[in-house]
Amino acid sequence: MRTALVIGTGLIGTSAALALTQRGVVVHLADHDPEQARTAAALGAGTDEAPDGPVDLAIVAAPPAHVADVLADAVRRGAARGYIDVASVKGGPRRELEARGLDLSSYIGTHPMSGREKSGPLAATADLFEGRPWVLTPTRDTDTEVLNLALELVSHCRAVPVVMDADAHDRAVALVSHMPHLVSSMVAARLEHAEEAAVRLCGQGIRDVTRIAASDPGMWIDILSANPGPVADLLTDVAADLEETVRALRALQSTDEDKRHEGTIGIEGMLRRGNAGQVRVPGKHGSAPRVYETVAVLISDQPGQLARIFADAGAAGVNIEDVRIEHATGQQAGLVQLIVEPKAVAVLKAALRERGWAIRQ
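What you see is a predicted model, and the numbers here were worked out from it, not measured in a lab.

Draft legend 1. Representation of the environment of R116. Structurally, R116 is set in the loop between β5 (107-112) and β6 (133-137). Since its relative accessible area comes to 36%, R116 is described here as partly exposed. When the C-alpha positions of R116 and A194 are compared, they lie 26 Å apart, and in sequence the two are 78 residues distant. In this structure R116 touches L11, A123, T125, L128 and S215, once residues within four positions along its chain are discounted.

Structure, rendered in structure tokens:
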């Protein structure tokens, strides 16, 4: 691939353009808002000048509701040898294109499983897709050349290609992305009118659950409008679980011992089902989940503190598998949770204590 055209210079389109530009691909940028394309160009994602002729690959990074229109226009103009889209739903756009009678041999639907709470070109980074799954949904009509172009794009972005059926993909993202986003928003909505004293007690748990609720509502309306059925089906199941959980909690309020016992069994069952589901979430680098332990360290909110603690861990020969930070309310301090192999816990604690760090038991 020597040339590419990115149509839609939001977070995903600009991030892909940045990655391609860094690999030496000449990238042309287009957007319904010329100012946004100019912004992406100023960030080094390519040029906002139109190509002289067909490019190797056109990447449509438009909202799902507009993918078919943009793709159809690009195909009719002969803008590229191959065409892909990066929308978060795949079945609907493909069926729309089929209904228009377009030859889809030069098209393949794709979806990079990566993103951020922020949108727009200013939120883009060249490493956004690194190590993340990038779904490809070829059909029997897809040209081998187009599939190879898509795979080359995925390689340039350092993502991991995953081949799926389009409708199976839509059911999967409803489960792992679209439904969780709505649930996160529902939890965050409880905070809107909560008392300030209660909100000040927010810890890492509520931050984890509500983080993705900060995303742009307009963008999510586009996504959910393109995949409403599978998401509604999943939320119906979640609603049934909520009803069962509410009944169990009400039973725990009872003065009747048998009812309290039933309530305990109900809550424990739900928590254990949660345990069973959580351990299926892929671990580091997409591998099977592993058991780690946490070393909690008190840290002041000052420049260089994180760098120093990582350096001290490295000097002790301990690899930090993951890290979380819980900020103290009203104080310039926090708790750094270092996630490490169980066998490294004693070594790390001893090394950090020796270097003056306060370990939280």
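Structure's up, so let's keep going.
Draft legend 2. Local environment of unusual backbone geometry. A positive phi angle is found at R158, which is not glycine, with a value near 60 degrees. As for its placement among the helices and strands, R158 is situated in the loop between α5 (144-156) and β7 (160-163).

Draft legend 3. Looking closely at a negative patch on the surface. A contiguous patch of negative charge on the surface is contributed by D256, E257, D258 and E262. Assignment of secondary structure puts D258 in helix α11 (residues 257-278). Judged by relative accessible area, which is 57%, D258 ranks as exposed.

Draft legend 4. Highlighting the pattern of salt bridges. This structure, assessed with the given rule, holds 13 salt bridges. Across the pair D241 and R273 runs a salt bridge, and its minimum N-O distance is 3.2 Å. Remark: R273 occurs in helix α11 and D241 occurs in helix α10 (residues 228-252); sequence separation between them is 32 residues. Take D241: its relative accessible area is 24%, and that puts it in the partly exposed class. Close ionic contact of R272 with E268 constitutes a salt bridge, the shortest N to O distance being 3.0 Å.

Draft legend 5. Region of interest: the pairing of β5. For β5, the tally of buried residues reaches 6 of 6 residues, placing the bulk of the element in the interior. What you see with β5 is no split at all: Y107, G109 and H111 on one side and I108, T110 and P112 on the other are buried throughout. Where strand β4 (residues 80-85) and β5 come together, 3 bridges link them in parallel fashion. Looking at the pairing, I84 lines up with I108 of β5. Crossover β4 to β5 through helix α4 (residues 91-99) is right-handed. Inspection of the sheet shows β5 paired to β6 by 4 bridges, in the antiparallel sense. Of the residues in β6, the one forming a bridge with H111 is V135.

Draft legend 6. Representation of the nonpolar core. By size, the foremost hydrophobic cluster in this structure holds 36 residues, and its most contacted members are W134 and L153. Where this core is concerned, the elements lending two or more residues are β1 (3-7), α1 (11-22), β2 (26-30), α2 (34-42), β3 (55-60), β6 and α5. When residues of this core are assigned to their parent elements, the largest contribution, 7 residues, is made by α1. L71, A87, L104 and Y107 belong to the second largest nonpolar core, which has 19 residues in total.

Draft legend 7. Summary view of the packing of aromatic side chains. Counting across every chain of the model gives 1 aromatic pair. Relative to W134, the ring of F129 lies with its centre 5.0 Å away and its plane at 55 degrees, an arrangement referred to as tilted. In terms of burial, F129 and W134 fall into one category: buried.

Draft legend 8. Expanded view of α10. For α10, spanning 25 residues, the distance from its first C-alpha to its last is 36 Å, which sits close to the expected 36 Å at 1.5 Å a residue. Buried within α10 are the following residues: V231, L234, A248 and A251. At its buried positions, α10 is contacted by α6 (166-189), α9 (217-225) and α11.

Draft legend 9. Local environment of the environment of Q278. Among the structural elements, Q278 can be located in helix α11. For Q278 and A74, which are 204 residues apart along the polypeptide, the C-alpha to C-alpha distance reads 42 Å.

Draft legend 10. Broad picture of the packing of α4 against α6. Running from amino to carboxyl end, α4 crosses α6 at an angle of 145 degrees, the nearest separation of the two axes being 8 Å. Facing G91, G92, R94 and R95 of α4, the residues of α6 in contact are A166, D167 and D170. Within the contact of α4 with α6, the residues separate by chemical class into 1 nonpolar, 2 polar and 4 charged.

Basis of the calculations
- Residues numbered from 1 in each chain as written.
- Predicted model: local features only at pLDDT ≥ 70, side-chain atom pairs only at ≥ 80, totals over all residues.
- Heavy atoms only, no water.
- Helix = DSSP H or I, 4+ residues; strand = E, 2+ residues; numbered from the N terminus.
- Buried < 20%, exposed > 50% of the residue type's maximum accessible area, 1.4 Å probe, protein only.
- Contact = heavy atoms within 4.5 Å.
- Patch = residues over 30% accessible without salt bridge, like charges linked within 9 Å, V, L, I, M, F, W, Y side chains within 5 Å.
- Areas by Shrake-Rupley, 256 points an atom, 1.4 Å probe, with all protein chains shown as cover.
- Salt bridge = Lys/Arg side-chain N within 4 Å of Asp/Glu carboxyl O.
- Lys, Arg positive; Asp, Glu negative; His and termini not counted.
- Charge placed at Lys NZ, Arg CZ, Asp CG, Glu CD.
- Pairing = 2+ DSSP bridges.
- Right-handed = clockwise from strand over helix to strand, strands pointing away.
- Core = buried A, V, L, I, M, F, W, Y, C linked by side-chain atoms within 4.5 Å.
- Phe/Tyr/Trp six-rings, centres within 6.5 Å; stacked < 30°, edge-to-face > 60°.
- Expected span 1.5 Å × (residues − 1).
- Axes fitted to C-alpha atoms, helices over the stretch in contact; angles between N-to-C directions.
- Nonpolar A, V, L, I, M, F, W, Y, C, P; charged D, E, K, R; others polar.

Nothing here speaks to function; it is geometry throughout.
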